Structures are given as structure tokens and as C-alpha cells.
Amino acid sequence: MGRRQADIGDATGTTGSSSDSRNNEDGKSGEVGSSTSLSMPVSPALTAIIDDALYHAYEAELVPTVSAASQLLSEFIDLKEASALILRDCRWMAGVPFCQLEVTAGGDQGGLCYKGTNVACIAVTGSALREMEQNEHASNIEQLASDELSKYSEYNTIQDFANQCYLSANEAIQKLTTDPLAESANVNLEQSIASTERSGEGNDPPQSPSSLPTMAFSSPGDVGIGRCFKAQARKNAWETPRLICPDYTWAEDAISTCQRLLKNLLKHRYITLVTSQGWDHYFTENSTRLWPRSRVIPQPTHASSDEPQPFPSKETTHALQFLVTDLLAKSIPVCLNHFRAATEANAVVSKRLYLVKCEHRGPIRALFESFASLKSAPRESLVKHYLDTYHGGSDPNDAANSRYRRKNTQEKKSPIQERREVLHKQLEAYWKNPDMKEVLQIERCCERLENDMSQMLLPLANIAKEICHSSWKGRIRAVTVDEIDEESGKARLDTILPWQDVPYMRELLRRLDSILCRKPDSDESVGIRPLLLDLQGTPRHKRDPLDSSLEMPFYPRTRTADKKTLFGHFSSDTTAEGKDKWFVLEKFLAEVEKLMKLIAMPDTPFLVKERGAGSRSNFVEMVSQLEDIWDSETFRAQYQDWYDMVERQAELVGGDSDNEISLVEHAELIRLTEIELSVAMANKEQLKIVDTSLRGLGKDLTARYGVMRKIVYDLTCRELNQGINVIAPVLDHIYQDIEIPELSLKGVFGDQLETVGETLPFG
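Residues numbered from 1 in each chain as written. Predicted model: local features only at pLDDT ≥ 70, side-chain atom pairs only at ≥ 80, totals over all residues. Heavy atoms only, no water.

Notes on the overall build of the protein chain
Now for step 1: If you tally the helices and strands in the protein chain, you get 26 helices and six strands.
Now for step 2: Expressed as a percentage of the 763 residues in the protein chain, the buried residues total 48%.
Now for step 3: For the protein chain, the accessible surface area stands at approximately 37100 Å², while carbon and sulfur atoms represent 50% of it. (Helix = DSSP H or I, 4+ residues; strand = E, 2+ residues; numbered from the N terminus. Buried < 20%, exposed > 50% of the residue type's maximum accessible area, 1.4 Å probe, protein only. Areas by Shrake-Rupley, 256 points an atom, 1.4 Å probe, with all protein chains shown as cover.)

Here it is in C-alpha cells:
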């Protein structure tokens, strides 16, 4: 191929313009240091700038591949939006439970009965009317329960299908918009957690508690604020994961992933059900339904009144049709075939681009590896200073033989011994810092409080797992107690779990189910940190607007009846949550007390159990254990103490007005002092060996820089007709953390992602 002129001035941005004014190294001549080259410093942005220049150089020949990939990306974005709409409908429990169950009390008339009216319209005035209603519906209880279970099965199938579509869409979007070559250059969250657990210590001690569980793999559910791991950041990342220059490997990886996801979705049980049953039953009223008005849970996202709406709603039904008959059956397969054909048509160009990208990535990563090796070792200047100052002209074995001297000798201490004592005292003073001692003491107290709260939450988590995965499979219903007032003798209705609050109770059970797991899934944890974040009011879904729309609280919020919004009477006023930091805690305790009251009722009426599912002895034992262990006042005090300690720890780590330096800087001083002390404790021969090794690392760095500089210059001259001269790194910059700067490059599909509200990868 001929050379192509690339306009890389826009891609370099301010980095390139500022580097033009710098002079080349002294003694460097020839083509690499020519005046026509573009000078740039060593930085993780160098890879992104070269990739952007390569893409602009070959952009015309990559139009079919990029256009087909963009269309396929648009289809998966539609898949994500449609599945998110269905998940919102399912999350708010539209149409579930399907029948109102009441518990009647009062002598022989006590028992369970189904009401055939809306809960908002129930009015019972006497025992005679109650007996008549019980006799009227007694013959239909079993048939109604069977119908309810079938509707729950349909609901669970729809929810699982929508969830699989949503997760598949996220994975496909990630594969289409990120460069697979960057995965081997950046350490992601899971790898950093795993390496921390293996080594027993982390790179960021203030953010990595010493009480990490090692029995199982920590999950992304632990990500958040307050004693939790941080997500992938710019620090210590060598490349941006944004797709800046498409290549053949990226296309093949994206095609294989999309094919696998599409194949799995087409095998889902819901596709089989729709194929056999059709769509008519979603649009026509079922004549066999006993009480159509008994579907007491509304469709909250579109409900305009207090009347309950059926599930699935018309919007959800149309979204399901769009997924099954359009996206999965036609649009996505067609776009995938177009993408495959375009990739094969541009295979020569895309394969060449892959080789070129690997050609300049290898030496750049090798240089960054040399940076890491030098950073982890003592500085050469420090070793040389000790050799010249404390070991110059002395006997090589003098320091080694000094340990054989008598302890009571009256000889004057040597300078190296005095320096060692100074370093020991300095290190001891660092560790005796009041703030450091307080932080370590707070860490131990927080660990103890977390263990105490975990022991108290364990019975709750076990009950939530039993409800969500055992005989009931997460099926709950609203409950109203119909009992006789002892004083007046009249019937009285006591709504324990109204139909409006059923979605929040399911959300509470779902969050309790995700903690204290032995084998955690992607959204589960072996500890209680996700729940601690919930009690702080931190949302679990915050990637993008679609992801955030799936977030719902685990407690009923204050209704704003005068505010007309899309969510109807589920719209809420959140002003009170920001005023009181214990607001969410109090709501959690109130919901737990309500849950304990529901599960303690005879026969547990708020749970829908399958026929022949087995005995309840295990569940009754769990309830008894919960009643013995749970104490709201104790949990409130423990959490408040934990929260105050974490706040104080954050103040000490970040530094306040009373401290000259933060504890992060203080920890760095301790690390440097320990390194110097290890150098001071070595004898002359040992220091000579260390000095030789450091010189070898320096020569290796110089050699790798020279190879990288020549390869980058030759590659850019060959491909772009514009050489890039990489400036030699400054010694002080080598010992600093590698961090990706803010880039103006959004990637090939950056504008398309920002248009629909997707969050771009860091870069």
C-alpha cells in the first residue's frame, strides 16, 4: 500500500503543540531527530494519538466496516432500551400479586379467604357479611391460587427474558465500543481485587480494609464509597479502552460475541412460549379469570388513577413484540450479517491495522514495564549516596563483622550506625503519629462492628434467600387483616402490606438476598458492604440514564399526589432524604419490622406457595432464629457508630485543617523511610550488588526507550508521512504514577454513545 497523509494535528491536541517547542536530545541526529518530526513526551496518550492518526489515514477504506458496526450498535441500543422498559415494569411489580388475600380472625370464622374486590374498595361492616363472603369464595380458593401461580410463572419468565436481553445488550455494546487490545494493558476491578487477596496488601491502604474476606471472590457489588474498592480509574492504566482504530481482531471478537448472545436469547423459554401461544392473550381479556378486578398491583409507570392495571401493560407488550418479532428475529441478524460481510471485504486493511497497532504497542508497554521495575526498587542516587558517604574507602567486611564486636564496647559509633539509629527513630515516630494510630484503631473497631452487624443480618439474609429461591420463588402478595374490634364488636381492617408497597418489599428481599453469599454472583457479595452503601443512600445503578432508571428504593417514599408525573402515585418527594443522614436507616428498620410481622403470621399469607412444595419447618426455624437474634435498637446503634467512625477515618486519611499532610502522604513517607532503612542496613558488598542491578535496570530502560523511539518514528513515517519523535522521559517522571490524561478523543462510536446517554469508558 502507498503512504497516506494523515492529519494528526487535531488528534494530538494540546500535547502535540506544547511538545513542538521542545528541543531534541543533545547528541541525537539523523532522521529520528529531524526538524520535520512531531515531538511528544512518553505518555499513555501516545497510543491513543497514534491509533487516531492511523484511523484517519485509513478511514475511507474502513467505511463499510464502521458503518455496519454502527448500525449493529444502534440495534443493540434499541434492545437495551426495550428490555429496560420491560424490567422497569417488572421491577415495580405491575400485576403481581394477582389476587387480594385476607386473613380473617374471630373464633370459628378465622382462616384465609380471597377478596373479589379491589383493596381500595373493601368495606366489611359485620361478621354475617364476612361469613357470606367466605362461603361465596371458598369453593374458588384453590382454583384462584392455581391461576395466581400460573400468572407468577409467566411474570418470572418475562422478567428473566428481559434481564437476559438487558445484560446481553450491555455486553454487546461493550464489545463493539472498546478495543480488546487494551484489556491486557489495564488491570480491571476483578483482577485488582484478586491480586489484593492473594498478596494480602493493597496499593491503596486507606481504601482497602484489612478485613477483606478471603473465602470467596469479591464481586463488583462491593464497589462504592466508604471502605470499598474503587472502580477502574485513570491511575496506573496504560491505555484507554475506547475503540479509536478498528481492526480485524476487534471485528472478529465483536461478531463472535454477538452471535453467541443472539443464539442464547433465541433459545430462551419465553421465545418458545410466544411461538406456541401467540400474542392474542395479551390483548384480550381472559374469560376464565374469576375476578378481573382482583389484580391489585397497578402498573405504576403509566397508571393515571388508583385503579389497578393488568400485567403486562400495553407498553410492555409492544416492547416484548418489538424484541421477539423485530430485533431478535430480523434486525440484529441482518445487521450482524452485514457487519460480517463488511469485515471480510475490508479484511486486508483491518488485518494490516491490527499488525501496525501491535507493532507500536509492544515497545511502549515494554517501556512502561521498565518504569514499574525502577519505581519498585530503591533509587540509584540513594544507593550511590550511601556507598560514597558511609562506605567509601572502608573495609568491605567491616560492617559485616561489626556484629561480632562486644556489646559493651566503648568505641565511638560510626556514621552509618548513627544514621541507622536516626532512621529507626524516624520510622518509630511515623508509626506513633496520633492520626495514624487513630486510623488503625478505627479500622479494627469498624471490622468488629461489621462482624457484629453481619451476625445480626445473617438470619434476615437466610430468610430472604429462602423466599426468593425456595418454595415461594419471590412470590409475595398484599395482606389485609380483617378482625373484630373487641370493644365495639365491629369488623376492622388493618392493612399490614398494602398493594402499593409490595414492590418495595420485594426490593428489600432482593437486596437482603444479595449479601452474605458463599458463592456470589455478579451483583452479590460475600459481605454486607452493598447494604451499608444502601443505608448511606448510594444508588447501585449509576452507569447511564437507562441503568439508573432501574433503580428503586427498598422503602415506600412519601407520595406526592399533587404532582403528575409518568410514575403516577409512585412519584415521591425525596427532600427529606437529604436532610437526615439516618433517614434511610430508619426506613430500613421499619421495613424489617414489617417483614418480621408478615412472616410471623399464621400460614404466612403474604407468600404464594406452590402445591406440594414441602413443609415449612425449615422456614419456621429460620423465623424463630431471626426473632431471637434481631434487635433494631442494637443494629441502629452499631450502624451509627460505624458510620461516625468511617467519617472520622475519611477525614484523617484525606487530611484536615489541623494536619500539615494527609495520611496518604504520611504512608508514602513511611514507605520511603523503610526503603532507606533497608539500604542503610546493608553492607558495602550488598550495596554494590544493588547498585549493579539498578544500573542494569537503567540501561534496560535506555535500551527500551531507544527501540520504542525508533519503532514509533519509523512506523509513523511509513504509515502517516509524519514522524513522531518521542522525547526521553525525565527521571523524576519515572517514579510518578502512570495516569491517562484527559483526552478529547471519544473513539469511533463516542458521539453515538453520548447521543443515547451511554457512559464512555475512561480516556
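Alright, that's what it looks like, and here's the rest.
Considerations on the packing of helix α3 (residues 63-91) against helix α10 (residues 314-345)
Now for step 1: The N-to-C vectors of α3 and α10 enclose an angle of 160°; their axes lie 9 Å apart at closest approach. Between α3 and α10, the interaxial angle falls into the category roughly antiparallel. The hand of the α3/α10 crossing is left-handed.
Now for step 2: Across the contact of α3 with α10, the residue classes break down as 20 nonpolar, seven polar and four charged. (Axes fitted to C-alpha atoms, helices over the stretch in contact; angles between N-to-C directions. Parallel < 35°, antiparallel > 145°, perpendicular 65-115°, else oblique. Left-handed = near helix turned anticlockwise from the far one by under 90°. Nonpolar A, V, L, I, M, F, W, Y, C, P; charged D, E, K, R; others polar.)

Examining the pattern of salt bridges
Now for step 1: Applying the stated criterion across every chain yields a total of 35 salt bridges.
Now for step 2: In this structure, Asp501 and Lys594 form a salt bridge, with 3.7 Å as the shortest nitrogen-oxygen distance. Here Asp501, found in the loop between β5 (491-497) and α16 (502-513), pairs with Lys594, found in helix α20 (residues 583-599); they are 93 residues apart in sequence, far enough to count as distant. Lys594 carries the same exposure label as Asp501, and that label is buried. (Salt bridge = Lys/Arg side-chain N within 4 Å of Asp/Glu carboxyl O.)

Here we look at helix α24 (residues 684-720)
Now for step 1: Taking 1.5 Å as the rise per residue, α24 with 37 residues should run 54 Å; its terminal C-alpha atoms sit 52 Å apart, in good agreement.
Now for step 2: Where α24 begins, the side chain of Asn683 points an oxygen toward the backbone nitrogen of Glu685, at a separation of 3.3 Å.
Now for step 3: Once α24 finishes, Asn721 follows within two positions and takes phi at roughly 60°, a positive value. (Expected span 1.5 Å × (residues − 1). Polar contact = N/O pair within 3.5 Å; in protein donor to acceptor, adjacent residues only side chain to side chain.)

Some remarks on unusual backbone geometry
Now for step 1: One non-glycine residue, Leu516, lies in the positive phi region at around 55°.
Now for step 2: Within the element layout of this structure, Leu516 appears in the loop between α16 and α17 (529-535).
Now for step 3: With phi around 60°, Asn721 is a residue other than glycine that occupies positive phi space.
Now for step 4: Among the structural elements, Asn721 can be located in the loop between α24 and β6 (724-726).
Now for step 5: Overall, Asn721 belongs to the partly exposed group, its relative accessible area being 36%.

Here we look at the packing of aromatic side chains
Now for step 1: Under the counting rule described, the total for this entry stands at 16 aromatic pairs.
Now for step 2: Measuring from centroid to centroid gives 6.5 Å for Tyr270 and Trp279, while their planes differ by 70°, and the two rings are edge-to-face. Accessibility classification places Tyr270 together with Trp279 in one group, the buried group.
Now for step 3: Residues Trp630 and Phe635 carry aromatic rings whose centres are separated by 5.3 Å and whose planes lie at 35° to one another, so their mutual orientation is tilted.
Now for step 4: Grouped by ring-pair contacts, the aromatic residues Phe554, Tyr555, Phe583, Phe588, Trp630 and Phe635 constitute a single cluster. (Phe/Tyr/Trp six-rings, centres within 6.5 Å; stacked < 30°, edge-to-face > 60°.)

Notes on the side chain of Asp179
Now for step 1: Looking at where Asp179 falls in the secondary structure, it is placed in the loop between α5 (141-177) and α6 (189-199).
Now for step 2: A distance of 2.9 Å separates the side chain of Asp179 from the side chain of Lys357, its partner in a polar contact.
Now for step 3: Not counting residues up to four positions away in its chain, the partners in contact with Asp179 are Pro241, Arg242, Leu243, Cys245, Asp247, Lys357 and Arg361. (Contact = heavy atoms within 4.5 Å.)

Let's talk about the nonpolar core
Considering soluble globular proteins, one finds that nonpolar side chains tend to be buried as a cluster.
Now for step 1: Ranked by size, the top nonpolar core spans 89 residues in total, and within it Leu72, Phe76, Leu79, Phe161, Tyr270, Phe339 and Met708 carry the most contacts.
Now for step 2: The dominant element in this core, judged by the number of residues it contributes, is α3, at 13 residues.
Now for step 3: Excluding residues that lie within four positions of it along the chain, Leu72 makes contacts with Leu176, Cys258, Ile332, Cys335, Leu336 and Phe339.
Now for step 4: If you look at the next biggest cluster of nonpolar residues, it comprises 76 residues, including Leu382, Phe635, Ala682 and Leu687. (Core = buried A, V, L, I, M, F, W, Y, C linked by side-chain atoms within 4.5 Å.)

Examining the confidence of the model for the protein chain
Predicted coordinates in areas of low pLDDT are best not read in detail.
Now for step 1: Summing up the model confidence of the protein chain, the mean pLDDT is 75 and the portion of residues at 70 or higher is 70%.
Now for step 2: The secondary structure element of the protein chain with the lowest average pLDDT is helix α1 (residues 9-20), at 36, and the one with the highest is helix α7 (residues 248-266), at 96.
Now for step 3: Predicted confidence is poor over residues 285-308, with pLDDT under 50, and the contacts of this stretch with residues over four places away or in other chains come to 73 contacts.
Now for step 4: This model gives residues 560-573 a pLDDT under 50, and the stretch forms 31 contacts once residues within four places in sequence are excluded. (pLDDT = per-residue confidence, 0-100.)

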